[in-house]
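Residue-level structural notes
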Amino acid sequence: MLYRRFGRTGLQMPVFSCGGMRYQYKWQDVPQEEIPIKNQENLEATIRKSIEIGINHIETARGYGTSEVQLGKILPKFPRDKLIVQTKVGPKADAKEFEKTLEQSLKNLRLDYIDLLGIHGINNSETLENTIRSGGCLDIVRKFQDQGKIKFVGFSTHGPTDILVEAINTDQFDYINLHWYYINQSNWAAIEAATNRDMGVFIISPSDKGGRLYEPPAKLVELCAPLSPMVFNDLFCLSHPQVHTLSLGASKPADFDEHLKTLDLLDKASDILPPILHKLEQQAIASLGEDWAKTWHVGLPKHEETPGNVNIPMALWLWNLATAYDMKEYAKIRYNLLGNGGHWFPGNKAVEVEKLDFTSCLRNSPHADKIPQILVEVDKMLGGEEVKRLSKS
C-alpha cells in the first residue's frame, strides 16, 4: 500500500480508504440481534482484508444505518494505534441534538476515540451556519476533542464549489471529503483551497458516483483501454498529489482487487494517462461537437435561479455523459434522483420544460437558443421512475 500525508493531521493515510456504506445490513438502524450472521461475517472479512492489504483507514457515518454498530463488533479487535477510524455526523440546528447523535456514534463504534470526525453534509449556507456559528455543532466537537474522544475534524459535502471554498476558508477544518473524479472535475478550486490550508483531501465514491465504474458501458471500456475504467479513474485522481485518498465502497473482500492494480502504475501515470485522456476528449467532441463539449457549462444558472427549479447544469452534464460515453444507466439513476435528493442533490428534473421560459436565466449562456430543446431530449432519454437517496430507500 502507498500512503500520503493527510494534510495538517499528519496522519499517514493509505491512498485507498475502506468506505462503510456498502457492506452494512440496512440503511436504517435495527437491533443488533436482527443482523444476519452471514452479513456480519462478510463485513468482518472485508475489514480484515482491508487491513491485511494496508488499508487501515475505515470510514463510516451515523447516516449509514447499521454500519457503525457492525463495525463496533470488529474494530476493537485490532490494535487501536494501527487504525485510522472516521465517522460522520450530520449538522443540526439544535447543537444538543447533534451532540446526542455524536455520542451514539461513539457508543456504536465501541472505541475510546475516533481519529476523524466529519460534519456530514455541509451542502449549503444553512448547514454551514449551523456548524460554525457560536454555540453550533463545532463547539460540541471542540468539547469532545478536549476530552480526547476526537482527534481531528473535517467535513463531508455534496454542495456547490462556492460553499466548499467558504467552509474551507473558515480554517476550522482539518480535512474535506468531496466529489472529484474524471467525469466531474468542477470542485478543483475547492481542492486547491484545501491544499492552501494544508487540509487532508478525501475523494468520495470515485467508482460509484464517479460513473458506476464497476458496471461500465462497453464504449467506456474501449476508451479507457488498456486500463479498466475503474483503474483509469483511480490513476487519474491519484496522479494529482493534492488528492490523498480515494474511498472504496467495498461490499465484499474481492472488491479491493481491481483498485489495487493502480498502485504499480502511479509512477508511470504521466505516460499512461495522456493517450486515454485524448481518446475520451476526442470522443466527447465527436459526439457533442467541439463548441458544446468545451463551453456547454458557461453561464448556466443555479437551480434556484431557474423556472421550475430545474437543475440545468446537472441535466446537461448527465446528457453529455449518456451521449458521449453511453453512460445511460448511470445518468438515469442520477437524473431521477432530482426532486428527491434534498440539499444533497438539489433541484428538479427537466419535466414539461416546454411550458417554462428560460430566456432570462440563460442570458449568459452561449447556447441559450438550443438548451431548452436539449432539456426536452434529456427528459425523454433519462426520465423515469423517481430514485431516492440510499439512506432514504
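As shown above, the structure is provided for reference.
Residues numbered from 1 in each chain as written. Predicted model: local features only at pLDDT ≥ 70, side-chain atom pairs only at ≥ 80, totals over all residues. Heavy atoms only, no water.

What follows covers the overall build of the protein. When helices and strands are tallied, the protein shows 15 helices and ten strands. Whereas a compact globule of 393 residues would reach a radius of gyration of roughly 21 Å, the protein reaches 21 Å, a difference of no more than 12%. In terms of principal-axis extent, the alpha carbons of the protein reach across some 60 × 50 × 45 Å. Residues classed as buried in the protein amount to 55% of the 393 residues present. Sequence separation of 24 or more characterises 75% of the internal contacts of the protein that already satisfy a separation of 6 or more. (Helix = DSSP H or I, 4+ residues; strand = E, 2+ residues; numbered from the N terminus. Rg over C-alpha atoms; globule rule 2.2 N^0.38 Å. Buried < 20%, exposed > 50% of the residue type's maximum accessible area, 1.4 Å probe, protein only. Contact = heavy atoms within 4.5 Å.)

Attention now goes to the sheet that holds strand 6 (residues 114-120). Spatially, 3-4-5-6-7-8-9-10 is the arrangement adopted by the eight strands of the closed barrel, whose pairing is parallel. Strand-to-strand twist in this sheet, taken as the mean axis angle between neighbours without regard to direction, amounts to 30°. In terms of strand pairing, strand 9 (residues 200-203) meets strand 10 (residues 245-248) through two bridges, oriented parallel. Paired with Phe202 across the bridge in strand 10 is Thr245. Its contacts with the sheet put helix 3 (residues 95-109) on strand 5 (84-89), strand 6 and strand 7 (150-156), and the angle it makes with strand 5 is roughly 145°. (Pairing = 2+ DSSP bridges. Axes fitted to C-alpha atoms, helices over the stretch in contact; angles between N-to-C directions.)

Extensive coverage of strand 6 is indicated by the burial of seven of its seven residues. In terms of strand pairing, strand 5 meets strand 6 through four bridges, oriented parallel. Residue pairing for strand 6: Lys88 is matched across the bridge by Gly118. With helix 3 bridging strand 5 and the parallel strand 6, this β-α-β connection has right-handed handedness. With six bridges connecting them, strand 6 and strand 7 associate as parallel partners. In the sheet register, Ile119 faces strand 7, and the bridge partner there is Phe155. (Right-handed = clockwise from strand over helix to strand, strands pointing away.)

Taking 1.5 Å per residue as the helical rise, helix 15 (residues 371-382) with its twelve residues ought to reach 16 Å, and the 16 Å between its terminal C-alpha atoms agrees with that figure. Taken as a whole, helix 15 has its buried residues at Ile371, Ile374, Leu375, Val376, Val378 and Leu382. (Expected span 1.5 Å × (residues − 1).)

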